[in-house]
Structures are given as C-alpha cells and as structure tokens.
Amino acid sequence: MSKTSLRDLSLSEAALAVRNGEVTSVDLADAFLSHSEQVEPGIGAFLHLERDEVLQAAEEIDQRRARGEALGELAGVPIAIKDNIATTGMPTTCASRILEGHRPVRDATAVRKLREAGAVLFGKTNLDEFGMGSSTENSAYHVTRNPLRVDRVPGGSSGGSAAAVASGQAPAALGSDTGGSVRQPAAFCGLVGLKPQYGRVSRSGLVAFASSLDVIGPMGRSAEDVRLLLNVISGPDSLDSTSRAGGSSSRPGDSTSRPGGSPTGPENRADAPLPSVLGIPRRWIERGAGSDVVRVFEETCEWFRAHGVELREIELEAAEQAVATYYVIADAEASSNLSRYDGVRFGYRAQSAETLEELYTRTRGEGFGLEVKRRILLGTFVLSAGYYDAYYGQAQRVRSRIRSELETVLSGVEGILLPTTPTPPFPLGQKSDDPLEMYLSDLYTLPASLAGIPAVSFPAGQSEDGLPVGMQLYGRDDSEQDLLDWVSRFESSTRGNGGAS
Amino acid sequence: MNADFADRQRSAKSEESGKSAKVAGRYDLVIGLEVHAQLRTASKLFCSCPNAFGHDPNRNVCPVCLGHPGALPVLNTRAVDLAVLLGEALGCEIRETSVFARKNYFYPDLPKGYQISQFEHPICVGGAVPLGDGRSVGLVRIHIEEDAGKSKHPEAGDDTESRIDLNRCGVPLVEIVGQPELHSAEDAGLYLSSLKRIVEFLDVCDGNMEEGSLRCDANVSLKPAGAAELGTRTEIKNLNSIRNLERAIRFEADRQAKILDDGGTIDQETRLFDEASGRTRSMRGKEDAHDYRYFPDPDLPPVFVSDDRRTRIAAVMPELPLQRQSRFENSFGLSPDDAAVLTQTRALADYYDAVAESAPDPVAAANWVRTELLGRLSAEGKDITSSPVSPRELTALLKALDDGTLSGKLGKAAVAEMVETGDAFAVVVERNGWKVVSDTGQLAVWVAEAIEKNPSEVASYRAGKTSLLNFFVGQVMKASRGQADPGALRPVIEKALED
Ligand SMILES: [Zn+2]
C-alpha cells in the first residue's frame, strides 16, 4: 500500500490490516510521521512528537504480533493525545509554562485503555492553556493554524488534536470537552467530534479544568472512527467516582455491551435507523448564528426531513443563559483546581523568592498565562464570602434549570439539531483581545456541557468562501451510539460533496 | 494511664457539678470543644496509601494525596462506616445524604490547595457526649475530612530550611463539634476524656493525643454572670493532652477576666497554647481569617448512607464505656470507683472481663488487676495492652489464692515475677517452690528450729508474755519463705511452747 493510502484507512481498517499482517505498525506510523514532517511546520498541531518514540511503540506492536499475541481493536493505529491528558514517558504540560516538562507518573485511564487496545501514542497536541479558550491561541508555546485555511484558527481548546487529524498527521485523536472544546475545533476543522455524556470516559489523568464539566472525547474523520475510539476509552473506572457505566436502565431493552446506548452490529452503520423526531431551536439559531451557518443548518434540516425525520421547533430559554452560567461554574472550579500549581512540589517554581507569599505569587504570576489568570480571578471572586450565593449559587440554580429544560425537551424529541458554532472558523488574532467575544462563540456547545448530555459535532457543509461548517446533535442520556448512527447515515449520503445535499 | 476518666469523674463530682464555675465570681465561663479524631482505617480517605504513623517522611504518598495533576479522590467507605458508628454511639442523627466540599487555602503542607471536608451537609448532626455523672454535653455535628501534611520549620541553629512531610496528608479524620455547654476546665477535661474513651471503645480512633490521633481546639469566652448572650470567644489550638486543655482554659479564662475587669474587650482570634509557659498567645486575628471559598467538591458524588447500612453498622456496636461500667457494678458487684478505673480503656475492660469470667471472686479480681497488676505493669513501663500476664494466668493465681494454696504475700510476689519474666503462674510457683504448707509434721520441724534459735524469747513467753506468739509466727514464716499456712501454724507453736 502506498503511504497515502495507508493514511486514508479508517481506524478499523488500519487495525485489521496490522492484525492480518498486511501492513506493519511501523509502516503505518512511518506514513504519518513522514507526512507530519512536511506539514507540521506550517500547522503547529503538536507540543511533543518524537519520531523515535512513535516508531519504538509501533515496533513493539509488530513484535507482539510476531510472537503471536492477540492484538486489540486499535492494533498499531497512531492516536494523537491532547496535552492535558496524562501520558507516562511523554510530557503533559497543558500548554502551560507552569507544567513545562512535567512527566506524569501514571497514564490517564483513557490512555491506558488505548495502549491496551494496541494503539500507538502519536505525540501530544497543542491546546489553549489548561483548556481555557476557543482558538488554541492561549497556548504558552505556540499557536496552531487551521489546516483547511492557515490564516484561521483551528478552534479550541482541542485545536491541536483537530489540526493534527485535519492535516493528515494522525488518523484520530483524543481531545477534551469542558464547554465545547472537542466539538468546536471538530467543526472548525471539518471533523467528527464527540462530547460523550459526562462520566462516560474516566477523568482519571485528565488534568482538571472544571471537574463537573470535563470529559475526554474522541475526534476523527468519520463517525465510525469516533465510535471505535469511544468504545475503547469509555466505561466506569475505580479511579474516578464520577465515571459511570454505559447503557442506563432508562432505556430498557438496550444492550449494555457497548457504551452509550443501543446495540451496534457490524462495522457498517450506514443503514442504522434515523430518529423519528428531532427538535430544532430555530429562533435561537436565527438570532445567534451568522448567515453561512444558518444556511447550512437549513440544508441539514432539509436532509433529515428528506430522510423521513420530523423536525419539531423547540424553544430553549434556560439554555440561552448558558454562557454566563458556564463561566461562573467553570471558573469557580478552575480557581480551585489550579491551586495546586504553587511551585512547592512540581512544575514551574519562581527562583529566589524570599517568602512563602512571594513564592506563590511569583510562581503563579509567571507560570500562568493571561487567560488562565483571568479565569482564576473570576472564579475566586464568585466563590468569595458575600458573593457566593449571587454568583456561584445562582449559576448552580440556572444550571439545574438548563438540565431539566433539556431533559423535558428530549423526552419529546429524540435529539436536538443545532449548529456547533455561530460562525465558521475566524481569523487568527481576531478575538484574542476580546475575551467576551471569544466566550460568546461557545453559546451552542455550552448547554450540553452544563446538562452533562452527549453531543456530537459533524461536518455539514461550507461557508460561501469554502470554510467548514459543523452541525451538532444533542442526545438523551446514554445516546452516544444513536448520535453516531445518525451521523454515519448523514455521512454516507453526503460524503464526497462536502456537505448536505 | 494518661486518660484518667475515673480520676476526672471523682474530681468533677467533688465540685458543685452542674453549676457554672464562676470566674472571679463575676463571669460565667463558656467552653465549646472541637475534637479531631483520626479514623482507624487501613488506608487513607481518598487513596490506597496506608494510614500509618511513624514511617519515614513522604513514604506513604501517591499521586492522589500529593495532588498530582489528573489524580482524583475516591472515597474510602470504611471511613464513612466508622463515622456512622461514632454518630450512632453518640445519639446523632445520621444524614442519609452528606456532601464533601472543598475548603480552599494555600499552605505548603496542603498539596491540592484545598482540603476536602464536609461543610454544609455533614454526615452526623446533634447527639451528645455523656460525662458519666448523668450530665451530657450536646454536639453540633460530626463531619468527615482529610488531614493535611506536616510542616517542620527550622529550629534555632542547624537546619535553615522548612520541610514538609505529606505522610499524614489525606488521613481520614472526623471533627466532633461540641455545643458551647461546658462551664469549667474540669468539665472540659471530663468531656474530652469521656470522648476519648468512647472512640477507643468503638475502635474508631486510637485516642493517642501525643501522636496527634486525637486533637482538641477549645473555644473559650466569658459573659457577665447570668447573662444570656455569649461573649466574644477565642479559639485555642495546640492542646495535646487533657491536662494542657485544662491548663489552657484556666489561663485563658483568667486572661479574659482581667481584660474585662479593666473595661477592655476580647479580640476574636486564634491563640496558641504554650506548654512550657502554660500561657496562650495570639496566633492570628479575625482580620487574618481565611475566606475558604467552600463549594461542593465536583470530584465526589454525595455520600449516601441507606437506612439498611446504618442499621447494619449499629447492629455491631460494641458495648460503650458507661454501659460497661454499670455492668461491672451490677454483674460483678464492683464499686463505682473500681468499675470506672477498669473501664478506662477498652483493653483494660476486656482484660478484666476475661479475668472476672472465671475468677472465683470478681471483686477480689478487680482489686488484683487494679492494684497489683496495673501497679507492676506501670513500674515496668508497660500497660495492659503489653501485659506479659494473660488473663488466664492471672485467673490461675486468683484461684490459688482463693483455695488457700497460695498466700496473699506470695501472690503479690508472683504477680511481680510474672510481669517481669512473662512466665506462667505454674512456672513461677514451681521455680520458687511456693506452696502453702499446712502439714503439721513439716510445720513442727520449722517451729522446733525457731524455738531452738530463740531461747530468751521462749523463756519470756513461758514467763507469761504470750504476745510473743506473733514473733514466732513471723520467724516460721521467714524460715518457710512464706509457705507456712499461718492459720495452721498458731496451734502448732502454742503447743510446742507449752511443752
Ligand atoms: Zn495516597
């Protein structure tokens, strides 16, 4: 197989080829590494990628096969990892100075599961520092460019993972999603990105930003690649008390053999059933999204309608409060989660501090970037005595309303269709000086995060000037498999023409 | 023994119990205690590191208790069970749902920058600690939290760097918060020793105050005698023994009284007790108080204790100290004082129970345990948990005393030797050839010897000084090394001297 065709294989095809001995894991890794050497300088997707490390891991897979060992479902497949997910043998910096050179002593559970499935870890990808941002411009190390249009941002905070896959350097990647950090970069880079239900994937080893919202999510070129990754990394974990088993009892009759919902048969899900009713918050979309996005949304609606899906207009009132709610809760949790970076035990430590106070203030002042400091200040404020109830308490109440509103809506429709982002990818530097503008770009992804429900972003079309536009599906609890089925159907009938038709 | 509950009970009773102690007659003293007890679990509260004391610094640590990025806490359910057991023992309401929160502050021995503790929703509310004299002191709450590490700051000279030991980080604690219902240093001491005895009996905590498994802070305030409203309080820390708790309260009450006498006001502050000087000194004022920014810990789901779980835990409740004390009085006929002494610790009470079970006379047994055994043990620097004399061996001795084959004097010697050597009772008797001799033939031999050696006393006796009989008894006891049966001996001597 040529190097190009090796890179074109789906994850399951690649793993099968390795298991069957049609291709070696080293060949597969080399195909991606060679391509990476050419394109990475213009993209900047990675914070850490060592050719020798990757080849050595690939070599081990080949040796295991040679010894006749059974290989897992990701045998020899390179997977890029967002650099806020702990990996032994590689740094985990969260794109922050304060964790420069930090090497975890334990793999994240998701990483351990990838290794057990035979995956080859393919470097660590760039992000907005600690996941705080929507453009990957908040990395302490370098910006990442959108491979589809290099003057645009790749989205964030999992912008490095999205760019690595979109530029063909890796076939798939892990990201993490706190308020849209998997879905938004997937949309900006023309990929499928899944935010699993909260707790579906263990957070053990995911460096915490906002613990009640964080979830690791797969990013890939197709719903099936994403599904395969999800199936490998998900499941309850004794190291994370907020992790949960899949297939809850709320859906009697469902098999629980695969995480996140209904039974799935063989690889091809292109004939999986579509939902009978989807909700569409049309007024919210018309009010908040740009014209390109509204047009692609209408085209996507049309595709579903043409395939027998009833589209029902819904009103989301509480969800419109998601931006303010999210920034209070996420920053409150972040201010506490990031307290451990104090220069005492690990990470960056300010030199020649005279007092303890000075050690803290200088370490944190020098080690954190501007956006992280802004969030810590905001989060500290909203938890302060005298302000707690007005901010954090109120935000929790609104969060409950958002959750119950979505639950109510989703009891009447099987999913909600809406855009992932209000606009196509914006130019580098355009919003980096205006945090509020940046925050508002997350308005369509935040409600699912606050409610903890699964949501998937998929490529649905293009803007007038050829930029990718992603649509999003929210699902009920435990509906990841259904969401991926629907995206799979959409892909199979629209593949090759860049979107809905 | 350090936790002398019985002594405290005696001294508290001798005062006007139940009545507020007046400070200089003008003020009512009001005290509330906050007690931290380390739970006796095998592992820490949120990770699998051993919960153990005395290891090399920073050995019992892992990514979770070191606060490494990405590491998450997982609750040790055994700690919850122990808190429920304690709550049940103290008559608390056990909350079906309790919530862990984060208490945020920066300190080098606090790796995460926050302590995980229950705040708004503790596991137990209400309840009371009995003082043992019919009175009891109400509890506000009991909650579970993790311990912090230990900072060691340089002491004069040698080391110039502060050091941190994180072994204790994440060790499970319960904080037992009492109502401000104590009114004298003695009652505060009684409360703490009663609580200490209870946690030990439940095996919830080892109660060791020197090692810090049991720690106490005291909130102390004065109010004009009879006034309803509480005065401004100070919180006193670093009270590492019951005696120091009492000393600190007395000092603090006097200090506050002087300030109030002079028309001054009390600053709400945290004060540190200095053991050497017996004084308290200001540690930090109200203005330095932290804003802990408590909020529910999103890493930990609420703790759920079902009725069923609560019932199962309560069902295996061991006998509590006061219950045991009254059983010792009622079943064994012990005096209240003996019963209190023998229930000072669970180990001692268990020991006595084992002895009393088969001893011929439980009251005599109590006396032997209390006076002879404990006395000998403490002379050897041991306590009941390290007693070389098992209850079985002590019972063997008590039986020999009861059936007259061993004299009381030899009994005492036997206890001493058993404690010293750890040998069984029979071995000690055998080695020393100790046996009560009442055979008149052997007694007559010893008596004849005594008569032969003391001719002038024999003459005096025969001249009418019959009180010398005791002199001859003593001589024979000495010659027989205590083996002669004094009862059988007297007639033999009388007969021999009359001949
Ligand atoms: Zn640990």
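Residues numbered from 1 in each chain as written. Chains lettered and ligands numbered in written order. Predicted model: local features only at pLDDT ≥ 70, side-chain atom pairs only at ≥ 80, totals over all residues. Heavy atoms only, no water.

So, on to the nonpolar core. Residues and elements named next belong to chain A. Counting 142 residues, the largest nonpolar core has L74, L114, F130, L417 and L473 as its most contacted members. Per element, the largest residue contribution to this core is 9 residues, and it comes from helix α11 (residues 322-337). In this structure, L473 is in contact with L278, F304, I416, L417, P454, A455, V456, F458, L483, W486 and V487, ignoring residues within four places of it in sequence. (Core = buried A, V, L, I, M, F, W, Y, C linked by side-chain atoms within 4.5 Å. Buried < 20%, exposed > 50% of the residue type's maximum accessible area, 1.4 Å probe, protein only. Helix = DSSP H or I, 4+ residues; strand = E, 2+ residues; numbered from the N terminus. Contact = heavy atoms within 4.5 Å.)

Residues and elements named next belong to chain B. Packing of helix α11 (residues 408-421) against helix α12 (residues 425-432) brings their axes to within 10 Å, and their N-to-C directions diverge by 115°. On the basis of the axis angle, α11 is roughly perpendicular to α12. The two elements α11 and α12 meet at a crossing, and its hand is right-handed. Residues A414, E417, M418 and T421 of α11 pack against F425, V428, R431 and N432 of α12. Its residues assigned to classes, the contact of α11 with α12 comprises 4 nonpolar, 2 polar and 2 charged. (Axes fitted to C-alpha atoms, helices over the stretch in contact; angles between N-to-C directions. Parallel < 35°, antiparallel > 145°, perpendicular 65-115°, else oblique. Left-handed = near helix turned anticlockwise from the far one by under 90°. Nonpolar A, V, L, I, M, F, W, Y, C, P; charged D, E, K, R; others polar.)

Turning next to the sheet that holds strand β5 (residues 192-195) of chain A. Adjacent strands of a sheet form backbone hydrogen bonds with each other and so pair up, either parallel or antiparallel. Residue and element names in this part refer to chain A. Strand order in the open sheet formed by 11 strands is β1-β3-β2-β4-β6-β5-β10-β11-β9-β7-β8, and the pairing between neighbours is mixed. Looking at strand neighbours, the two that pair on one side only are β1 (46-48) and β8 (310-313), the edges of this open sheet. Averaged over all pairs of adjacent strands, the angle between their axes in this sheet comes to 30°, without regard to strand direction. Across 6 bridges, the pairing between strand β4 (residues 172-177) and strand β6 (residues 215-220) is antiparallel. Bridging across to β6, D177 finds its partner in V215. (Pairing = 2+ DSSP bridges.)

Attention shifts here to the pattern of salt bridges. The full count for this structure, using the stated rule, is 69 salt bridges over all chains. The shortest N-O distance in the salt bridge between R115(A) and D107(A) comes to 2.7 Å. R115(A) gets classed as partly exposed once you look at its relative accessible area, which sits at 32%. Salt-bridge contacts for D203(B) lead to R40(B); the nearest nitrogen and oxygen are separated by 3.2 Å. Pair noted here: D203(B) is in the loop between α3 (185-202) and β13 (214-224) and R40(B) is in the loop between β2 (27-38) and α2 (77-89), with a separation of 163 residues, a long-range link. Bridged by salt links that share partners, the residues E319(B), R324(B), R327(B), R346(B), D350(B) and D353(B) form one connected network. (Salt bridge = Lys/Arg side-chain N within 4 Å of Asp/Glu carboxyl O.)

Right, let's talk about the domain arrangement of chain B for a bit. Accessible area lost on assembly of the parts is the figure often given for the size of an interface. Domain boundaries in chain B define domain 1 (5-314), domain 2 (321-423) and domain 3 (440-498). For domain 2 of chain B versus domain 3 of chain B, the distance between C-alpha centres works out to 35 Å. (Domains from an automatic or database assignment.)

The description of an aromatic ring pair uses the distance of the two centres, along with the angle that the planes make with each other. Residues and elements named next belong to chain A. As enumerated under the stated definition, the model contains 28 aromatic pairs over all chains in all. For the ring pair W303 and F490, a centre distance of 5.0 Å and an interplane angle of 75° mean the geometry is edge-to-face. Note that W303 is positioned in helix α10 (residues 291-306) and F490 in helix α17 (residues 480-494), a separation of 187 residues in sequence. Given the relative accessible area of 1%, F490 is considered buried. Ring centres of Y326 and Y327 lie 4.9 Å apart, and the angle between their planes is 85°; this geometry places the pair in the edge-to-face category. (Phe/Tyr/Trp six-rings, centres within 6.5 Å; stacked < 30°, edge-to-face > 60°.)

Residue and element names in this part refer to chain B. Packing of helix α8 (residues 346-358) against helix α10 (residues 391-402) brings their axes to within 9 Å, and their N-to-C directions diverge by 40°. With respect to α10, the axis of α8 lies oblique. The way α8 lies across α10 gives a crossing that is right-handed. Between α8 and α10, the residues in contact are Y351, A354, V355 and S358 and P391, L394, T395, L398 and K399, respectively. Counted by class, the contact of α8 with α10 contains 6 nonpolar, 2 polar and 1 charged residues.

This next bit is on α2(B). Residue and element names in this part refer to chain B. Its 13 residues place the ends of α2 19 Å apart at the C-alpha level, agreeing with the 18 Å of an ideal helix rising 1.5 Å per residue. Within α2 the residues assigned to the buried category are A79, V80, L82, A83, V84, L85, L86, G87 and A89. For α2, the N-terminal capping position is held by N76, with its side-chain oxygen 3.0 Å away from the main-chain nitrogen of R78. One or two positions beyond α2, positive phi appears at G91, with a value near 70°. (Expected span 1.5 Å × (residues − 1). Polar contact = N/O pair within 3.5 Å; in protein donor to acceptor, adjacent residues only side chain to side chain.)

Between G156(A) and S157(A) the backbone carries a cis peptide bond, its omega angle lying at 5°. With respect to the element layout, S157(A) can be found in the loop between β3 (120-125) and α6 (159-166).

Attention now moves to the confidence of the model for chain A. Per-residue pLDDT for chain A averages 93, and the proportion of residues at 70 or more is 93%. Here residues 247-258 of chain A is modelled with pLDDT under 50, and outside its nearest four sequence neighbours on either side it reaches 23 contacts, counting other chains as well. (pLDDT = per-residue confidence, 0-100.)

Glancing now at the interface of chain B and chain A. With 31 residues of chain B at the contact, the number on the chain A side is 37 residues. Its largest share of buried area at the contact with chain A, chain B owes to P69(B), F106(B) and R293(B), together 24% of the area lost on that side. In this structure, the connection of chain B to chain A is made through 1 salt bridge. With a closest N to O distance of 3.0 Å, D299(B) and R203(A) form a salt bridge. Elements represented by at least two residues in the side of chain B that touches chain A include exactly β5 (100-104) and β17 (295-296) of chain B. Of the residues that constitute the side of chain B that touches chain A, the class distribution is 21 nonpolar, 5 polar and 5 charged. (Buried area = accessible area lost by both parts, 1.4 Å probe.)

Residue and element names in this part refer to chain A. Within strand β11 (residues 468-475), 8 of the 8 residues are buried, which leaves it mostly tucked inside the rest of the structure. Neither face of β11 is open: one carries P468, G470, Q472 and Y474, the other V469, M471, L473 and G475, and all of them are buried. Inspection of the sheet shows strand β9 (residues 415-419) paired to β11 by 5 bridges, in the antiparallel sense. Bridging from a neighbouring strand, L418 pairs with Q472 of β11. Bridge analysis of strand β10 (residues 455-462) against β11 gives 7 bridges, and the strand direction is antiparallel. Paired with G461 across the two strands is V469, which belongs to β11.

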